[in-house]
2 protein chains.
Amino acid sequence: MDVISLRKPKVVILGAGYGGIMTAVNLQKKLGVNEAEVTLVNNNDYHYQTTWLHENAAGTLHHDRSRIQITDIIDRNKINFVQDTVVKIVPEEQKVTLQNGEVTYDYLVFGLGYESETFGIKGLKEHAFSIANINAARQIKEHIEYQFAKYSNMKEKKDELLTIIVGGAGFTGIELVGELANRVPELCQEFDVDREKVRVVCVEAAPMILPGFDEELVEYARNYLERKGIEFRIGTAIKECTEEGIIVAKDDQVEEIKAATVIWAAGVRGNAIVEESGFEAMRGRVKVDPYLRAPGHDNVFIVGDSSLMINEEINRPYPPTAQIAMQQGVTCANNLAVLIRDQGNLEEFKPDLKGTVCSLGHDDAIGTVYGKKIVGWKAAVMKKVIDNRALFLIGGPSLVLKKGKWNFI
Amino acid sequence: MDVISLRKPKVVILGAGYGGIMTAVNLQKKLGVNEAEVTLVNNNDYHYQTTWLHENAAGTLHHDRSRIQITDIIDRNKINFVQDTVVKIVPEEQKVTLQNGEVTYDYLVFGLGYESETFGIKGLKEHAFSIANINAARQIKEHIEYQFAKYSNMKEKKDELLTIIVGGAGFTGIELVGELANRVPELCQEFDVDREKVRVVCVEAAPMILPGFDEELVEYARNYLERKGIEFRIGTAIKECTEEGIIVAKDDQVEEIKAATVIWAAGVRGNAIVEESGFEAMRGRVKVDPYLRAPGHDNVFIVGDSSLMINEEINRPYPPTAQIAMQQGVTCANNLAVLIRDQGNLEEFKPDLKGTVCSLGHDDAIGTVYGKKIVGWKAAVMKKVIDNRALFLIGGPSLVLKKGKWNFI
């Protein structure tokens, strides 16, 4: 036995999002207590279900349902948890600077999640909300409720307090308006407001909602949401966001829509820290090798929204989804075990796309599962099955019982 | 039988507060269907328990618990209900101008409630909340929650978002800080905020809290609330309220206290409409005759916060309380019946002061009941008994069951 092997290899996992937490829970299953020194770093003491945040923001699901205490799911005999914020990675020195300290690594897993991408649209950063995390989602919920309360207590009513703009009719935008469609009648009841006064307007620059989805499903979604009172402005670009609302343009027509609430749900990019730390990246996304490693850095894995992989079939990147991030976590844990033990072969990552379901509120959805199109309550049930399955993969059956979705009506 | 008696006398009751609603429910018990044409006018379709509003504002009681649908308690065979806002009374023409119409009367009961009195303090009207009604209380609750949500989602924390100023340490001010003392830990839990960061500051110009209360009880209240984290600034006047907080002065020391929430709970006055309609009044309060009538207007009764009566024993006005307003409603209904039937004698109003209990949250209180001092859980229970009794008087046992307070711990 040589000197070096006396020292346990140090694994540092940055971020407890889908990619990071799946790496951690899979690694702790694979490794014995003494095989490696594993540290998980996260700015909160909880993991959250990013794909549920739109429900927290709309107010249809309590934020505590979307978050999971990290110490409830990691085995602290095998993984150290450090609650701190990552400032920068210094790959040459194999260390990570944190706000309150630093950690060194032999192997690094970068799992810090997405950031909102505003494409330079004026005023969006200052005046629009984005569903970035639990705190942001909670603020959106409270902001909307506050506007309703203010309106009810106002002598000269300003109807724009009751207007909610959702920027973007992609997956997140549509799931959000789906929740809002259910939430608005509740808000009207709670705050004694006439439903007719409330507007939820979804603005999308592209010529259709849910680009990439099957046309028939898109048609279903749009009809369903319009019946529930959602207004769509398609082919309409947001030019500016102000304190008063937004300015949109369609063809050559410019229009102001006054609104007290603007939620930007259109763009995400990878995490800026990858670029700031010198990794080659495009909008915060690093094109990883088949084993999920950053080019030129054999000891740095990148999982989740900051990793970029090309879907060869269509020659376009895979979208940043929870499904892929979680699968990457499994592969990443396998590959770490191979490297730590210095035995076996690295595994190539192959996404296993089971399908996509886009909810339209808790009681309806559209989607494609194993190539089959589904709509309506069946799709809504399927969505909950998917949500519960994610919980199962992260924390086993007890987590599903604790945080799962069982309102199958 | 002469011609005049063919026409049923018209009674109009303005306001469904404690005084107005008690007049209505007692009158409907006394009168047969054909004896008079009684109309109750109110701006909302509900009565609310004004003495519970501080709980709605703090967020410790849902606002729906404090309000009662008027049609649930009046007998519509005997009383017409008109939902409208009173603009003005024209006593010479025996008519009342409403926002959307007018009503004429033979007998009028004026029961429109208090208004906030800001004593000319600069900026209070613009920047401070007052617990004026259900809508205002609900806005305060939502405002506070929104500040907490904003704080949690802020990078550079502004602690003043978590500061709540209560102006006034009279009955309402103390009951409000009592609720807030219980509510703040819940808010901290809900919004992931450190309790140490939250301040609730009660500012009072007088040299003591709860002026008029027994000294020993005052001492108890202050100690209790301070132990629960309430700060008192006694003998301290609010000089100005700004967007940023308040400016206070004690002796010659001027100080700014930054706060995102300022609630003015110090002054009430009668309703401005009595003055605007030409009744002789002082700060909206009319010194009524022993039968509760406005001087010079034998067909106009004034009940509740706009009526002024002198307590001869101490040669000071009785305070505007729910207890007195409700008792006035009973006397007023009796006197109306005498006038309508033109038989019997008018009854003099004599307040029957059973005592006062000031809550310090739902689980503690101080008070004097039938001359006996009580504190602690016994007083808290007594407070609930009083609250439930008020419901009983307004709507009988079914209302007590529906809206009563049963959390006797």
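Refer to the preceding data block for the structure.
Reading the values: rules and limits
Residues numbered from 1 in each chain as written. Chains lettered and ligands numbered in written order. Predicted model: local features only at pLDDT ≥ 70, side-chain atom pairs only at ≥ 80, totals over all residues. Heavy atoms only, no water. Phe/Tyr/Trp six-rings, centres within 6.5 Å; stacked < 30°, edge-to-face > 60°. Helix = DSSP H or I, 4+ residues; strand = E, 2+ residues; numbered from the N terminus. Lys NZ or Arg CZ within 6 Å of the ring centre and 35° of its normal. Expected span 1.5 Å × (residues − 1). Buried < 20%, exposed > 50% of the residue type's maximum accessible area, 1.4 Å probe, protein only. 1 Å grid on protein atoms, 1.4 Å probe; cavity = no way out; pocket = protein on both sides within 12 Å on 5 of 7 lines; lining within 4 Å. Points joined across faces, edges and corners; volume = space filled by probe spheres on them. Nonpolar A, V, L, I, M, F, W, Y, C, P; charged D, E, K, R; others polar. Contact = heavy atoms within 4.5 Å. Salt bridge = Lys/Arg side-chain N within 4 Å of Asp/Glu carboxyl O. Arc of directions from axis to C-beta.

Caption draft 1: Inspection of the packing of aromatic side chains at higher detail. All names here are of chain B. All told, the structure shown has nine aromatic pairs over all chains when counted by the stated rule. Taking 6.3 Å as the distance between ring centres and 5° as the angle between the ring planes, the aromatic pair formed by Tyr 220 and Tyr 224 counts as stacked. You can see Tyr 220 and its partner Tyr 224 sitting in helix H8 (residues 215-227), four residues apart, about one turn around the helix. Lys 157 extends its terminal NZ or CZ atom over the ring of Tyr 151, reaching a point 5.2 Å from the ring centre.

Caption draft 2: Fine view of helix H10 (residues 322-341) of chain A. Residues and elements named next belong to chain A. Here H10 spans 29 Å end to end across 20 residues, near enough to the 28 Å set by a 1.5 Å rise per residue. With 16 of 20 residues buried, H10 is to be regarded as a mostly interior element. Of the residues flanking the end of H10, it is Asp 342, one or two places downstream, whose phi is positive at about 55°.

Caption draft 3: The environment of Gly120(A), seen in detail. Residues and elements named next belong to chain A. As for its position among the elements, Gly 120 is in the loop between strand E10 (115-116) and helix H5 (124-127). The class of Gly 120 is exposed, set by a relative accessible area of 70%. Here the alpha-carbon distance between Gly 120 and Glu 240, two residues 120 residues apart in the chain, equals 9.6 Å.

Caption draft 4: Quick peek at empty space enclosed by the protein. All names here are of chain A. Per the counting criterion, the structure on display carries five cavities of 30 Å³ or more. Taken as a whole, the largest cavity holds about 70 Å³ of empty space. What lines the largest cavity is a set of 13 residues, and nearest its centre among them are Arg 285, Gly 304, Ser 307, Ile 324 and Gln 328. Those elements that place two or more of their residues in the lining of the largest cavity are strand E23 (307-308) and H10. By residue number, the principal contributor to the lining of the largest cavity is H10, which donates three residues. When grouped by side-chain class, the residues that make up the lining of the largest cavity number seven nonpolar, four polar and two charged.

Caption draft 5: Structural context of the environment of Thr71(A). Assignment of secondary structure puts Thr71(A) in helix H4 (residues 70-73). Take Thr71(A): its relative accessible area is 33%, and that puts it in the partly exposed class.

Caption draft 6: Quick look at the side chain of Glu55(B). Checked against the element boundaries, Glu55(B) lands in helix H2 (residues 53-58). In this structure, Glu55(B) is in contact with Thr60(B), Leu61(B), Glu179(B) and Lys405(B), ignoring residues within four places of it in sequence.

Caption draft 7: Spotlight on the pattern of salt bridges. Taken as a whole and judged by the stated rule, the model has 56 salt bridges over all chains. One salt bridge in this structure joins Glu231(A) and Arg199(A), with 2.8 Å as the shortest N-O distance. Placement of the pair is Glu231(A) in strand E14 (residues 230-234) and Arg199(A) in strand E13 (residues 199-204), with a sequence separation of 32 residues. Where Asp106(B) meets Arg7(B), a salt bridge forms, and the shortest distance between an N and an O atom there is 3.1 Å. Note that Asp106(B) is positioned in the loop between strand E8 (101-104) and strand E9 (107-110) and Arg7(B) in the segment before strand E1 (10-14), a separation of 99 residues in sequence. Taken together, the salt bridges that share partners define one network made up of Lys141(A), Glu142(A), Glu145(A), Arg183(A) and Glu186(A).

Caption draft 8: Summary view of helix H8 (residues 215-227) of chain A. Residue and element names in this part refer to chain A. The first and last C-alpha atoms of H8 sit 18 Å apart over 13 residues, in line with the 18 Å expected at 1.5 Å per residue. By the burial criterion, the buried members of H8 are Leu 217, Val 218, Ala 221, Tyr 224 and Leu 225. End-on view of H8: buried residues confined to an arc of 135°, all on one side of the axis. Of the residues in H8, the exposed ones pointing more than 90 degrees away from the buried face are Glu 215, Glu 216, Glu 219 and Arg 227. Those residues of H8 that are buried are in contact with helix H7 (171-191), E14, strand E27 (365-369) and strand E28 (372-375). Just beyond H8, the residue with positive phi is Gly 229, at close to 95°.

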